[in-house]
Amino acid sequence: MKKVAAIHDLSSYGRASLTVVIPILSNMGYQVCPLPTAILSAHSEYKNFRSLDLTDHLEAIISHWKELGLSFDALYSGYLASLRQMDIVGKFFEEFKTDHNFILVDPVLGDHNRLYPGMDPQMIEGMRRLCRQAEIITPNLTEAAFLLGKDNCREVTLRETVDWCRQLSECGPEYVIITSAPSENQKNTATIAYSRRDNRCWQVKAEYIPASYPGTGDAFASVITGCLLNGDSLPEAIDRAVYFITMGIKTTFGYNQPPLDGINQEKVLHYLNEPLPFYRYELLPF
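Residues numbered from 1 in each chain as written. Predicted model: local features only at pLDDT ≥ 70, side-chain atom pairs only at ≥ 80, totals over all residues. Heavy atoms only, no water.

A.B. asks: Even after reading the chapter, I still don't get the overall build of the chain, so can you show me in this structure?
C.D. replies: Counting secondary structure elements, the chain contains eight helices and 14 strands. With the principal axes as the frame, the chain shows a C-alpha extent of 50 × 45 × 40 Å. For the chain, with 286 residues in total, the buried portion stands at 52%. Total accessible area on the chain stands at roughly 13,300 Å², and carbon and sulfur atoms take up 50% of it. Computed over 26 positive and 34 negative side-chain charges, the inter-centroid distance for the chain is 2 Å. (Helix = DSSP H or I, 4+ residues; strand = E, 2+ residues; numbered from the N terminus. Buried < 20%, exposed > 50% of the residue type's maximum accessible area, 1.4 Å probe, protein only. Areas by Shrake-Rupley, 256 points an atom, 1.4 Å probe, with all protein chains shown as cover. Lys, Arg positive; Asp, Glu negative; His and termini not counted. Charge placed at Lys NZ, Arg CZ, Asp CG, Glu CD.)

A.B. asks: Looking at this structure, I do not really get the sheet that holds strand β1 (residues 3–7). What am I missing?
C.D. replies: Through backbone hydrogen bonds, the strands of a sheet pair up, either in parallel or in antiparallel fashion. Spatial strand order, β3-β1-β6-β7-β10-β11-β12-β13-β14: nine strands in an open sheet with mixed pairing. Edge positions in the open sheet fall to β3 (31–34) and β14 (282–283), since each of these has one partner strand only. Direction of pairing for β1 relative to β3: parallel, over a ladder of four bridges. From the neighbouring strand, Ala6 faces β3, where its bridge partner is Pro34. (Pairing = 2+ DSSP bridges.)

A.B. asks: Honestly, the packing of aromatic side chains in this entry has me stumped. Any pointers?
C.D. replies: Evaluation of the coordinates by the stated rule reveals nine aromatic pairs. Centre to centre, the rings of Phe72 and Phe96 are 5.8 Å apart; their planes meet at 45°, and the pair counts as tilted. Of this pair, Phe72 sits in the loop between α2 (55–67) and β6 (74–77) while Phe96 sits in helix α3 (residues 83–96), and the two are 24 residues apart along the sequence. Each member of the pair Phe72 and Phe96 is classed as buried. Centroid distance Tyr279 to Tyr281: 5.6 Å. Interplanar angle 55°. Geometry classified as tilted. Residue class for Tyr281 comes out partly exposed when judged on its relative accessible area of 30%. (Phe/Tyr/Trp six-rings, centres within 6.5 Å; stacked < 30°, edge-to-face > 60°.)

A.B. asks: For this particular structure, what's the right way to read the pairing of strand β7 (residues 102–105)?
C.D. replies: Regular strands place their side chains on alternate faces of the sheet. Burial of β7 is two-sided: the residues Phe102 and Leu104 facing one way and the residues Ile103 and Val105 facing the other way are all buried. Sheet topology note: the β6/β7 ladder contains four bridges and is parallel. Each residue of the ladder has a partner; that of Ser77, found in β7, is Val105. Viewed along the sheet, the connection from β6 through α3 into β7 turns out right-handed. With two bridges connecting them, β7 and strand β10 (residues 136–137) associate as parallel partners. Note that in β10 the partner of Leu104 across the bridge is Ile136. (Right-handed = clockwise from strand over helix to strand, strands pointing away.)

A.B. asks: Even after reading the chapter, I still don't get α3, so can you show me in this structure?
C.D. replies: Within an α-helix, residues lying three or four positions from one another point in the same direction, as the helix has 3.6 residues per turn. Taking 1.5 Å of rise per residue, the 14 residues of α3 would be expected to cover 20 Å, and the 20 Å separating its terminal C-alpha atoms lies within 8% of that figure. Along its buried surface, α3 packs onto β1, β5 (51–53), α2, β6, β7 and α4 (121–133). (Expected span 1.5 Å × (residues − 1). Contact = heavy atoms within 4.5 Å.)

A.B. asks: So what exactly am I meant to see when it comes to the pattern of salt bridges here?
C.D. replies: Pairing is possible between side chains that carry opposite charge, provided their charged atoms lie close to one another. Applying the stated criterion across every chain, the model contains 13 salt bridges. One salt bridge connects Glu266 with Arg15, and the closest N-O pair in it is separated by 3.1 Å. With Glu266 in the loop between α8 (234–253) and β14 and Arg15 in the loop between β2 (10–11) and α1 (18–27), this pair connects stretches of sequence that are 251 residues apart. Residues Glu207 and Lys250 are paired through a salt bridge, measuring 3.4 Å at the closest nitrogen-oxygen approach. Here Glu207, found in strand β13 (residues 200–207), pairs with Lys250, found in helix α8; they are 43 residues apart in sequence, far enough to count as distant. Since its relative accessible area comes to 49%, Glu207 is described here as partly exposed. Taken together, the shared-partner salt bridges in this structure form one network comprising Asp56, Glu59 and Arg84. (Salt bridge = Lys/Arg side-chain N within 4 Å of Asp/Glu carboxyl O.)

Take a look at the structure:
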């Protein structure tokens, strides 16, 4: 069974981070080996959440994994709460990277054209260093702008988003996937993916739904990780990830529940192992 080292926090309430990552990848048939960065009473979008910082324990866990001679088929990081955590994870990547695995970094920095609380220019630079070590990165449009040193992502066009993918790939990653990207049709949102291997760029569009749920970025990156472990092509992977997130949002939107609880992924996990009803990916001409 293939193993994934998943470097995320553990939120005791609310579907985000490891409570999203583990069910998705386990359902796709992989063993998830968590490297928890913190334990939260509830995910960080809840007010007054409590947090137990595990930074001081990360190196001890990694040291034991080395003693056990463990190896992983994918190294996958998400939200990191400090520059020190980023440095530890960067060293972990160096020590556990092989010719037979890949590194996926979800560079969690912000959304809606602003940084998350606790993030600053040093954290952006720390995330840039991690992205240089990765084969795959999955920023949203805001995070892509911060990684590239752009001031604003509000007026970005589809063609500019493709250019951003290429610029980010020049920094190291072979695959760059930007979510929450603009589409030609304002009723849709788009996910744009670029492969430096063959210099091709792909788009998957989804119907815009007027709802926002925490943890969807974690879910998206987890599905991408599982698909690539399965040997799926880049467009197949983004197609399945977009489909899964769309079905999760549509299923949840019908209920009168607090959006902070996240998507009702328990109701849609079965879609991960079913044939897609159709492929929606498009090869972009530029």
